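Examination of the molecular architecture
As a plain string of letters, each chain reads:
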Amino acid sequence: QAEDKETIIITVTDAGEVIFGCTNPAAVNYRAQADVDDGSCLFPELSDLLELTRVQLSSEVVTAGDTLLVNVNVANEGDLDLENLRVTVLAYDLGLNRNTSRFDLNEGRTTSKNVPLSIPEGIPAGEYLLKITFGNRDHRESAYRFVLVR
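A brief structural summary.

**As for the overall build of the protein chain**
- Along the backbone of the protein chain there are zero helices and 11 strands.
- Tracing the protein chain from N to C terminus, the helices and strands come up as β-β-β-β-β-β-β-β-β-β-β.
- Overall size of the protein chain, expressed as C-alpha extent along the three principal axes, is 95 × 45 × 20 Å.
- A buried classification covers 32% of the 150 residues belonging to the protein chain.
- Considering only contacts within the protein chain whose residues lie at least 6 apart along the sequence, 52% involve residues at least 24 apart.
- In the protein chain, 13 positive and 24 negative side-chain charges are present, and the distance between their average locations comes to 12 Å.

Shown next as structure tokens:
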């Protein structure tokens, strides 16, 4: 009975020192000198990049039937370009959910977005909570404001 044998030849050459490290330039610990990626790459949290710098209402007191303008200033405080962002304004008790179209925000840039809210006719007078959210599917930053309907 013949045995199957396999021969493996390994050739080792001295190519100098191999440097391990993160080889992804988008990582915060990128090492340009690294020859081999060792899986140590670290990426910034989007929460460190996104910032709602200002949320301003055109008025804090409105009447049913009015249009309330929500102005939101947002910033990309990181060194990565962010894509598919949007600003959303929710008023749960009013049944309102409005958002901007999607937009990109390059590193170190800021922008201002306006979101109009049509206050429904016939709603009871009172104070209503607005939730303003800025982000994409990976991360969001939120702020809250109250509006008084008379």
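**As for the sheet that holds strand β9 (residues 110-118)**
- Within the open sheet, the three strands sit side by side as β3-β5-β9. Their pairing is antiparallel. Each edge of the sheet is formed by a strand with only one pairing partner; in this case those strands are β3 (50-57) and β9. Pairwise comparison of adjacent strand axes, ignoring direction, gives a mean angle of 20 degrees for this sheet.
- Bridge analysis of strand β5 (residues 67-76) against β9 gives nine bridges, and the strand direction is antiparallel. Bridging across to β9, Val-74 finds its partner in Thr-111.

**Side note on a negative patch on the surface**
- On the surface, Asp-79, Asp-81, Glu-83, Asp-104 and Glu-107 cluster together into a negatively charged patch.
- With respect to the secondary-structure elements, Glu-83 resides in strand β6 (residues 82-91).

**Considering the side chain of Asn-71**
- Positionally, Asn-71 belongs in strand β5.
- At a separation of 3.0 Å, a polar atom in the side chain of Asn-71 contacts the side chain of Ser-112.
- Within the structure, Asn-71 has its side chain in polar contact with the side chain of Asn-114 (distance 2.7 Å).
- When neighbours within four sequence positions are excluded, Asn-71 is seen to be in contact with Arg-54, Val-55, Gln-56, Ser-112, Lys-113 and Asn-114.

**Some thoughts on the layout of surface pockets**
- One number sums up the size of the largest pocket: a volume of about 200 Å³.
- Forming the walls of the largest pocket are Asn-84, Arg-86, Thr-88, Leu-90, Arg-102, Lys-131, Thr-133, Phe-134, Gly-135, Asn-136, Arg-137 and Arg-140.
- For the lining of the largest pocket, the elements supplying multiple residues, two or more each, are β6 and β10 (126-135).
- When the residues that make up the lining of the largest pocket are grouped by side-chain class, the tally is two nonpolar, five polar and five charged.

**Topic: the packing of aromatic side chains**
- Applying the stated rule across the entire model yields one aromatic pair.
- Seen from their ring centres, Phe-103 and Phe-134 are 6.3 Å apart, and the 5 degrees between their planes marks the pair as stacked. Here Phe-103 is found in strand β8 (residues 103-105), whereas its partner Phe-134 is found in strand β10, with 31 residues between them in sequence.
- What makes Phe-134 buried here is its relative accessible area of 0%.
- Here Lys-113 stacks its cationic end above the ring of Phe-103, 4.3 Å away from the centre of that ring.

Parameters at a glance
- Residues numbered from 1 in each chain as written.
- Predicted model: local features only at pLDDT ≥ 70, side-chain atom pairs only at ≥ 80, totals over all residues.
- Heavy atoms only, no water.
- Helix = DSSP H or I, 4+ residues; strand = E, 2+ residues; numbered from the N terminus.
- Buried < 20%, exposed > 50% of the residue type's maximum accessible area, 1.4 Å probe, protein only.
- Contact = heavy atoms within 4.5 Å.
- Lys, Arg positive; Asp, Glu negative; His and termini not counted.
- Charge placed at Lys NZ, Arg CZ, Asp CG, Glu CD.
- Pairing = 2+ DSSP bridges.
- Axes fitted to C-alpha atoms, helices over the stretch in contact; angles between N-to-C directions.
- Patch = residues over 30% accessible without salt bridge, like charges linked within 9 Å, V, L, I, M, F, W, Y side chains within 5 Å.
- Areas by Shrake-Rupley, 256 points an atom, 1.4 Å probe, with all protein chains shown as cover.
- Salt bridge = Lys/Arg side-chain N within 4 Å of Asp/Glu carboxyl O.
- Polar contact = N/O pair within 3.5 Å; in protein donor to acceptor, adjacent residues only side chain to side chain.
- 1 Å grid on protein atoms, 1.4 Å probe; cavity = no way out; pocket = protein on both sides within 12 Å on 5 of 7 lines; lining within 4 Å.
- Points joined across faces, edges and corners; volume = space filled by probe spheres on them.
- Nonpolar A, V, L, I, M, F, W, Y, C, P; charged D, E, K, R; others polar.
- Phe/Tyr/Trp six-rings, centres within 6.5 Å; stacked < 30°, edge-to-face > 60°.
- Lys NZ or Arg CZ within 6 Å of the ring centre and 35° of its normal.

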